[in-house]
Amino acid sequence: VATRMRGLQQSALGAMTVRCQELGALNLAQGLSQVPPPASLLAEGAREFETVGHSYSQPEGLAVFREAVAGKLKRSSGLSVEPTTQVLATVGATGALMATLTALLDPGDGVVLFEPFYSYYLSSLQVLNLRPEPVRLTGPGFRIAEESLRAAITERTRAMIVCTPNNPTGRRLTAAELKIVSAVAEEHDLLVITDEVYEDIYFGPDPHLAAATVGGLAERTVTLGSLGKSFSVPGWRLGYACGPERLIGAIRIAADSLVVCAPAPLQALGARALNLDDDYYRGFRAMYDRKRRLLAEGFAAAGLSPNEPEGAYYLFVDCSRMGVPSGVAAAERLLENGLVGTVPGEAFYLNPPDRPYVRACFSVPDDVLAEAVDRLASGDFLHG
Ligand code: PMP
């Protein structure tokens, strides 16, 4: 086994899923997306497959898919990308990230991660021998502070990864925060990778703010997206990378070497999904808004402090009132005393978090949520 695999193991998320199965617990750990995809879309599937066939697409993806991505980004956030040269179909957002890191960074290069971060960033960096440079988000609001970002930049720093709306905090980056990112990136000539897989899941009236629409970011930013989140089809493994032609051109070559292309028949169906009208997206957000409130009530009834996410489909719950030393202990107590599975906050940090956090996913059916709320409201979680 290669040295780069040292320390890589089954993710905390996967491990919790196994424990939930063993104990018969409700699994709010992994974003398994048990929410069904839009029925109209699936009804089109067979016909679409017949038309496009079952072969490969070009490495960059089907034209119809790339056009749909460009149109959708324009409508949802005003982000302008040219479909033939600035959009690449990928094997999920994960495939987009791997191809981006492979194409644009060399072993040993430093990559800034804002802590807490989506745990796959760390494992992706590790398998490519890249160096994580964590920057702690500040305060209960998990904001980017300019001083801590500047303090983390080293001689080796080449890139930053941001995520908005954020997994696990549910925060959406503000224009002010993105301007800090833009200024520091320009000053140190850094690549910016922005993970916007949750761009369609936000609460409140303000539309999605795409990083690449702020300051000078467009020319140095690769935007990652996924159909898995927006259309509840994570198993399709379909996503995209967008950005300047010189970057996307190199990423396309890396992606071709890694995986040839994204699933071609699903790209055709994906184009239909991306073209769904505003009613779909509005209903989708309303559904998650309802689920988020429901689960938050459960944690509050348990005496814990859930955050109020601005987007994505997770609660990041401060379990300080349990009096436990870590998120690991908090997750364990939720599991043992209530048969509710969550992810310990530590899974999203390189250095230990300052509070015992757990992350709970609300992308689950209403009956599972209702049962979780019952268990949270009736269990004793504040005493060991
Ligand atoms: N980025 C974030 C922030 C995520 O939460 C996830 C899924 N959990 C992904 C990327 C992965 O997306 P995909 O399934 O398209 O690879």
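Each value, and the rule that gives it
Residues numbered from 1 in each chain as written. Predicted model: local features only at pLDDT ≥ 70, side-chain atom pairs only at ≥ 80, totals over all residues. Helix = DSSP H or I, 4+ residues; strand = E, 2+ residues; numbered from the N terminus. Rg over C-alpha atoms; globule rule 2.2 N^0.38 Å. Buried ≥ 20, exposed ≤ 12 C-beta atoms within 10 Å, placed from the backbone. Contact = placed C-beta atoms within 7 Å. Pairing = 2+ DSSP bridges. Axes fitted to C-alpha atoms, helices over the stretch in contact; angles between N-to-C directions. Near = placed C-beta within 6 Å. Nonpolar A, V, L, I, M, F, W, Y, C, P; charged D, E, K, R; others polar. Parallel < 35°, antiparallel > 145°, perpendicular 65-115°, else oblique. Left-handed = near helix turned anticlockwise from the far one by under 90°. Expected span 1.5 Å × (residues − 1). Bend = angle between axes of the 7 residues up to and from the residue.

Q: In this structure, what is going on with the overall build of the chain? I would like to understand it.
A: Secondary structure assignment for the chain yields 13 helices and 13 strands. At 20 Å, the chain has a C-alpha radius of gyration in line with the 21 Å of a compact globule built from 384 residues. Across its three principal axes, the chain shows a C-alpha extent of roughly 60 × 55 × 45 Å. A buried classification covers 50% of the 384 residues belonging to the chain. Considering only intrachain contacts with a sequence separation of at least 6, the fraction spanning at least 24 residues in the chain is 74%.

Q: What is the right way to read the sheet that holds strand β13 (residues 357-361) from this model?
A: Strand pairing in a sheet is mediated by backbone hydrogen bonds. Such pairs are either parallel or antiparallel. Taken in spatial order, the four strands make up an open sheet running β9-β10-β13-β12, and their pairing is antiparallel. Of all strands in the sheet, those bounded by a partner on one side alone are β9 (305-306) and β12 (343-344). Relative to β13, β12 runs antiparallel, the two sharing two bridges. Each bridged residue has a counterpart across the sheet, and for Pro 344 the counterpart in β13 is Val 358. Those strands touched by helix α11 (residues 278-301) are β9, β10 (314-318) and β13, and its axis lies near 15° from that of β10.

Q: Help me out: how do you make sense of the site of the ligand in this one?
A: As a structural note, the neighbourhood of the ligand is formed by 13 residues, with Gly 92, Ala 93, Thr 94, Asn 167 and Ser 226 the closest of them. Ranked by residue count, the leading element in the shell around the ligand is helix α4 (residues 92-104), at three residues. Residues of the shell around the ligand, tallied by class, amount to five nonpolar, seven polar and one charged.

Q: Can you help me understand the packing of helix α3 (residues 63-77) against helix α10 (residues 264-274) in this one?
A: To describe two helices that pack against each other, one gives the angle between their axes and the distance between the axes. Direction vectors running N to C along α3 and α10 enclose 25°, while the axes themselves pass 8 Å from each other. Taken together, the axes of α3 and α10 are roughly parallel relative to one another. As for the relative orientation of α3 and α10, their crossing is left-handed in sense. For the pair formed by α3 and α10, the contact residues are Val 64, Phe 65, Ala 68, Val 69 and Lys 72 on the first element and Gln 267, Ala 268, Gly 270, Ala 271 and Leu 274 on the second. Split into classes, the residues belonging to the contact of α3 with α10 amount to seven nonpolar, two polar and one charged.

Q: In this structure, what is going on with helix α2 (residues 39-52)? I would like to understand it.
A: Helix length check: α2, at 14 residues, gives a terminal C-alpha distance of 20 Å against a target of 20 Å (1.5 Å per residue), a fit within 8%. The sharpest bend along α2 measures roughly 40° and falls at Gly 45. In terms of burial, α2 is a largely surface element, zero of the 14 residues being buried. Positive phi shows up at Gly 53, right after α2, with a value of about 80°.

Q: For this particular structure, what's the right way to read helix α7 (residues 175-187)?
A: The terminal C-alpha atoms of α7, which comprises 13 residues, lie 18 Å apart, in line with the 18 Å expected from a rise of 1.5 Å per residue. Those residues of α7 that sit buried are Glu 177, Leu 178, Val 181, Ser 182, Val 184 and Ala 185. On its buried side, α7 packs onto α6 (146-152), β5 (157-163) and β6 (191-195). Just downstream of α7, Asp 189 is the residue with a positive phi angle, here 50°.

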